[in-house]
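Examination of the molecular architecture
Below, each chain spelled out in residue letters.
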Amino acid sequence: MSALTVSIVLLWAAVIALAVLVWALSRQVGVLFERVAPMGALVTDSGPAVGSASPMFELTGIQSERVEVGLPSATPSLVFFLSPTCPVCKKLLPVLKSLRRDEKNRLRVVLASDGEAASHLQFIRDQGLTDFPYVLSQELGMAYKVSRLPYAVVLDPRGTVVAKGLVNNREQLDSLLNAHDMGQSSIQQYLGGDAELAKDIGHAHAHAHAHAHAHGHGHGHAQPQT
C-alpha cells in the first residue's frame, strides 16, 4: 500500500470521526436547550419600581365597566398593555384568554390601551375580548412609562408592583407570573440567586404600602381616554 493511499484512508477516518463528533455535540446542545430556563420578560427601569406601590386609578372601561388598577383587590392583577395594530399583542391574546378562563378566581387580567374608542370596540368584537376589563387611558400608560408593546405589569392584591416587563411570547409572559409566584421581581433574579435583592423587595413592600395608605387620598384618579 502506497503512502498516498494510507494518507487518503487516514484522512477519511479523520473526517468520519469529526462528523460523529459534530453529530454528538449537536444532540447534546439540543438536550441542553430543552433544559435551559426560558428567557424572562425584559424588565425596564422606567415606571414604578418593583416592590413599590402602584399608582391608583379608578377608571371606566370601554364597555362601561368599572375598572380599578393599583387599589387593594381580592386577587393579584395582570395589566396587559396592547394595541389593535400590534401583531405580537394579537399573538398573545389566546394566552390571555386561557389565563382568564383557568385562573379567573386567582388572577384578574386587565387590558389597557389608548386611542379612538371606535377602533378598540371593533377590536374587542373581532378578537372576542368582551369578557375582559378593557380601559383606554393615556394616563395609565404614562404612569407605568410604557413605551413599547406588548407590556405587562403584575400587581399583588395590595397594589404593589411585583413584576413587569416587555413580553414578546408566552414564555416571557409566564416568566412574570412565575416570578410573582416565587416572590422574585423577574426570572433573571431567581436564576441569579439574588437573595439580598429579594429581601430588599420584601422590605420595600411594607414601606411602600405604609406610605400609600398614609397618602392614599392624595392620589388623582385618571379618566379613560375617549
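Going by the structure above, here's the rest.
Source: prediction; values computed, not measured.

1. Let's talk about the overall build of the protein
The number of helices and strands found in the protein is seven helices and seven strands. N-terminal to C-terminal, the α/β element order of the protein is α-β-β-β-α-β-α-β-α-β-β-α-α-α. Expressed as a percentage of its 226 residues, the buried residues of the protein come to 38%. Across the protein, the fraction of contacts at a sequence separation of at least 24, relative to all contacts at a separation of at least 6, is 68%.

2. With respect to the pattern of salt bridges
This model, assessed by the stated rule, comprises six salt bridges. A salt bridge links Arg66 to Glu58, with the nearest nitrogen and oxygen atoms 3.8 Å apart. On the accessibility criterion, Arg66 (62% relative accessible area) is exposed. Residue Asp156 is joined to Arg158 by a salt bridge in which the shortest nitrogen-to-oxygen separation is 3.1 Å. Note on Asp156: relative accessible area 8%, which makes it buried.

3. Concerning unusual backbone geometry
The omega angle of the peptide bond from Leu149 to Pro150 is -5 degrees, so this bond is cis rather than trans. Relative to the helices and strands, Pro150 is located in the loop between helix 4 (138–143) and strand 6 (151–155). The backbone of Ser64 shows a phi angle near 70 degrees, a positive value even though the residue is not glycine. Positive phi, normally seen in glycine, also occurs at Lys145, with a value near 55 degrees. With respect to the secondary-structure elements, Lys145 resides in the loop between helix 4 and strand 6.

Rules and cut-offs
- Residues numbered from 1 in each chain as written.
- Predicted model: local features only at pLDDT ≥ 70, side-chain atom pairs only at ≥ 80, totals over all residues.
- Heavy atoms only, no water.
- Helix = DSSP H or I, 4+ residues; strand = E, 2+ residues; numbered from the N terminus.
- Buried < 20%, exposed > 50% of the residue type's maximum accessible area, 1.4 Å probe, protein only.
- Contact = heavy atoms within 4.5 Å.
- Salt bridge = Lys/Arg side-chain N within 4 Å of Asp/Glu carboxyl O.

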